[in-house]
Amino acid sequence: MALSAFFGSSRGVFSTAILLRAIFLVYGLFQDTYSPMKYTDIDYFVFTDAARFIAQGQSPYHRDTYRYTPLLAWLIYPTTWPGFWFSFGKILFAVGDIITGWMMFRILRAYHNMSQERALRYASIWLLNPMVATISTRGSSEGLLGVFVTALLWAVLAKRIALSGFLLGFAVHFKIYPFIYGASIIWWLDNDRIHGRKSSTSPEPVSFTNQTISFLNPQRLALTACSLVTFMGLNVVMYLAYGWPFLDHSYFYHLIRIDHRHNFSPYNTLLYLNSSPKTDVNTSTQPSLELERLAFLPQLLLSAVLIPLFLSKKDLPSTMLAQTFAFVAFNKVCTSQYFLWYMMFLPYYLPESTLLRTRSVGVSALILWVLGQVFWLQQGFQLEFNGHSTFVPGLWASGILFFVVNTGILGIIIRDVQSKDALTGERNAVIDKKKA
């Protein structure tokens with residue numbers, strides 16, 4: 001009864017979510033002051049240093065390792081002001097968490113036809129999640145990314161095509177990976193869905209020309225045009241302001257990055273070895289196949305082609321979850337912040353999932369997912385803090401184990417989405433009746 005009363009009030013849930021983040025923010029100040037192990041993420045100092053360079057009239061890329069759009073540094077410009085304003089960015093990211101949770105709640109109410117209590121329960125997977133609150137209050141910008149991606153999902157479901165295109169282009173400019181959602185959204189926007197009709201089951205053959213004309217409907221063309229104009233427009237402005245370093249650090253760097261610290265990926269050990277300078281003249285002149293440079297091939301094939309093609313017309317939010325999960329699991333750099341990328345889709349997937357319907361599967365998956373991180377973190381701590389060589393078999397084996405766990409969970413998600421009937425407009429019909 002107490003839980004029902006708690007989740008029956010949106011004010012109570014959102015007040016608790018705000019309080020949770022406020023507690024973490026205050027605790028972070030205390031830990032940063034008195035503990036040798038700092039609460040604030042190193043990336044936050046990168047962001048704030050970049051903002052400081054902007055305040056001095058210089059390029060944010062004067063700060064080594066700043067690999068983001070200048071917009072991020074501009075957004076946290078107040079951190080350059082004296083006093084408590086240094087924490088402005090953390091507060092902004094935490095507020096982004098809350099806004100993301102509010103949009104999740106509205107999507108669950110409107111497009112999943114949930115009661116207020118049930119929608120708040122599932123939105124709390126994000127709102128009341130200590131991991132989400134911790135990452136944002138440590139100074140990671142993923143909270144803002146959550147706002148853009150969740151707003152994109154809402155706009156697509158609401159069939160606001162121009163807004164969807166703008167948000168997609170903006171999100172990809174802010175962080176490259178949301179481009180994978182473009183394939184799912186375009187495939188989802190067929191004529192039957194746009195007009196609220198059931199999918200055609202006519203056995204009559206359709207010519208290639210008619211299929212092409214049908215595919216290139218106004219909504220798909222408008223979405224593509226709006227997203228490209230937004231993305232390219234932002235890039236042109238940033239290039240004119242900051243030149244080649246903007247393109248190099250924001251985009252091209254990610255093709256060759258070899259980050260190995262705090263990296264759960266099975267490529268971690270390989271990246272570490274390749275990050276070391278070559279001192280042997282004989283070996284340095286020999287051409288070598290750097291496997292990690294090909295890591296994007298299976299990653300993009302799965303997340304940007306196969307999953308959208310086979311799943312997006314069945315359930316768009318769950319397909320976006322599967323895409324993101326695959327992108328993170330197969331990425332050559334996989335850190336804790338990236339887990340938030342797919343956590344923001346869990347509230348839409350879990351209500352009808354095997355992970356909740358079959359408790360043993362769900363509990364086992366959660367335990368294995370947590371243990372996979374624990375094993376890796378134990379090995380990583382010994383390496384990065386105590387200086388013990390744990391590369392083989394410890395760090396390598398724990399990375400492989402975590403990858404296997406992730407691919408197993410991805411398989412469950414894909415099977416769940418495949419088992420759903422293709423969306424035929426019922427949810428949109430409910431919304432249209434409400435609007436009428």
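All of these numbers come straight from a predicted model, not from anything done at the bench. (Residues numbered from 1 in each chain as written. Predicted model: local features only at pLDDT ≥ 70, side-chain atom pairs only at ≥ 80, totals over all residues. Heavy atoms only, no water.)

Q: Help me get a handle on the overall build of the chain, residues and values and all.
A: Looking only at helices and strands, the chain has 24 helices and zero strands in total. Considering only contacts within the chain whose residues lie at least 6 apart along the sequence, 73% involve residues at least 24 apart. Here the chain has roughly 21200 Å² of accessible surface; of this, 67% comes from carbon and sulfur atoms. (Helix = DSSP H or I, 4+ residues; strand = E, 2+ residues; numbered from the N terminus. Contact = heavy atoms within 4.5 Å. Areas by Shrake-Rupley, 256 points an atom, 1.4 Å probe, with all protein chains shown as cover.)

Q: Before we move on, can you summarise the packing of helix H8 (residues 142-157) against helix H9 (residues 161-174) with the specific residues and values?
A: Where H8 meets H9, the closest approach of the two axes is 9 Å, and the angle between their N-to-C directions is 155 degrees. If you check the angle between H8 and H9, you find them roughly antiparallel. For H8 against H9, the interelement crossing comes out left-handed. Here Leu144, Leu145, Phe148, Ala151, Leu152, Trp154, Ala155 and Val156 of H8 lie close against H9, whose contacting residues are Leu163, Ser164, Leu167, Leu168, Phe170, Ala171 and Phe174. A breakdown of the residues in the contact of H8 with H9 according to their chemical character gives 14 nonpolar, one polar and no charged. (Axes fitted to C-alpha atoms, helices over the stretch in contact; angles between N-to-C directions. Parallel < 35°, antiparallel > 145°, perpendicular 65-115°, else oblique. Left-handed = near helix turned anticlockwise from the far one by under 90°. Nonpolar A, V, L, I, M, F, W, Y, C, P; charged D, E, K, R; others polar.)

Q: With reference to specific residues and values, describe the UniProt feature "transmembrane region" (unreviewed entry) in the chain.
A: Per the UniProt record, "transmembrane region" (unreviewed entry) is annotated on residues 12-30, 84-107, 143-159, 166-189, 221-242, 324-349, 361-379 and 391-414. What you have in residues 361-379 is 100% helix and 0% strand, and the ends, taken at the C-alpha atoms, are 27 Å apart. The span residues 391-414 is 100% helix and 0% strand, and its two end C-alpha atoms sit 32 Å from each other. (UniProt positions renumbered as here; feature names shortened; annotations may be inferred.)

Q: Give a detailed account of a nonpolar patch on the surface, specifying residues and quantitative values.
A: Where nonpolar side chains cluster on the molecular surface, the patch consists of Val363, Leu366, Ile367, Val370, Leu371, Val374, Phe375 and Leu401 and spans about 650 Å² of accessible area. Sort the elements by how many residues they give to the nonpolar patch and helix H22 (residues 359-384) lands first, with seven residues. Within the secondary structure layout, Val370 lies in helix H22. (Patch = residues over 30% accessible without salt bridge, like charges linked within 9 Å, V, L, I, M, F, W, Y side chains within 5 Å. Salt bridge = Lys/Arg side-chain N within 4 Å of Asp/Glu carboxyl O.)

Q: Go over the confidence of the model for the chain with me, naming the residues and quoting the values.
A: Put simply, the chain has an average pLDDT of 86, and 86% of its residues get 70 or more. Segment residues 422-426: pLDDT under 50, and 13 contacts once partners within four positions in sequence are set aside and those in other chains are kept. Contacts of residues 428-432 to residues separated by more than four positions or lying in other chains number seven contacts, the stretch itself having pLDDT below 50. (pLDDT = per-residue confidence, 0-100.)

Q: Lay out helix H5 (residues 88-111) in plain terms, naming residues and giving numbers.
A: Between its terminal C-alpha atoms H5 stretches 34 Å, which fits the 34 Å expected from 24 residues at 1.5 Å a residue. Directly beyond the C-terminal end of H5, a positive phi value near 55 degrees is found at Asn113. (Expected span 1.5 Å × (residues − 1).)

Q: Break down the packing of aromatic side chains for me, with residues and values.
A: Counting across every chain of the model gives 35 aromatic pairs. An aromatic cluster of at least three residues, connected via ring pairs, comprises Tyr44, Phe45, Phe47, Tyr61, Tyr66, Tyr68, Phe86 and Phe93. If you follow Arg52 out to its NZ or CZ, it ends over the ring of Phe53, 5.3 Å from the centre. (Phe/Tyr/Trp six-rings, centres within 6.5 Å; stacked < 30°, edge-to-face > 60°. Lys NZ or Arg CZ within 6 Å of the ring centre and 35° of its normal.)

Q: Kindly report on the pattern of salt bridges, identifying the contributing residues and their values.
A: Applying the stated criterion across every chain yields a total of 10 salt bridges. The salt bridge involving Arg63 is made with Asp49; its shortest N-O contact spans 3.0 Å. On the criterion of sequence distance, the pair formed by Arg63 in the loop between helix H3 (42-55) and helix H4 (70-75) and Asp49 in helix H3 is long-range, its members being 14 residues apart. Across the salt bridge formed by Arg121 and Glu117, the nearest N and O atoms sit 3.2 Å from each other. Placement of the pair is Arg121 and Glu117 together in helix H6 (residues 116-127), with a separation of four residues, close to one helical turn. The class of Arg121 is partly exposed, set by a relative accessible area of 32%. It is possible to trace a salt-bridge network through shared partners that takes in Asp49, Arg52 and Arg63. (Buried < 20%, exposed > 50% of the residue type's maximum accessible area, 1.4 Å probe, protein only.)

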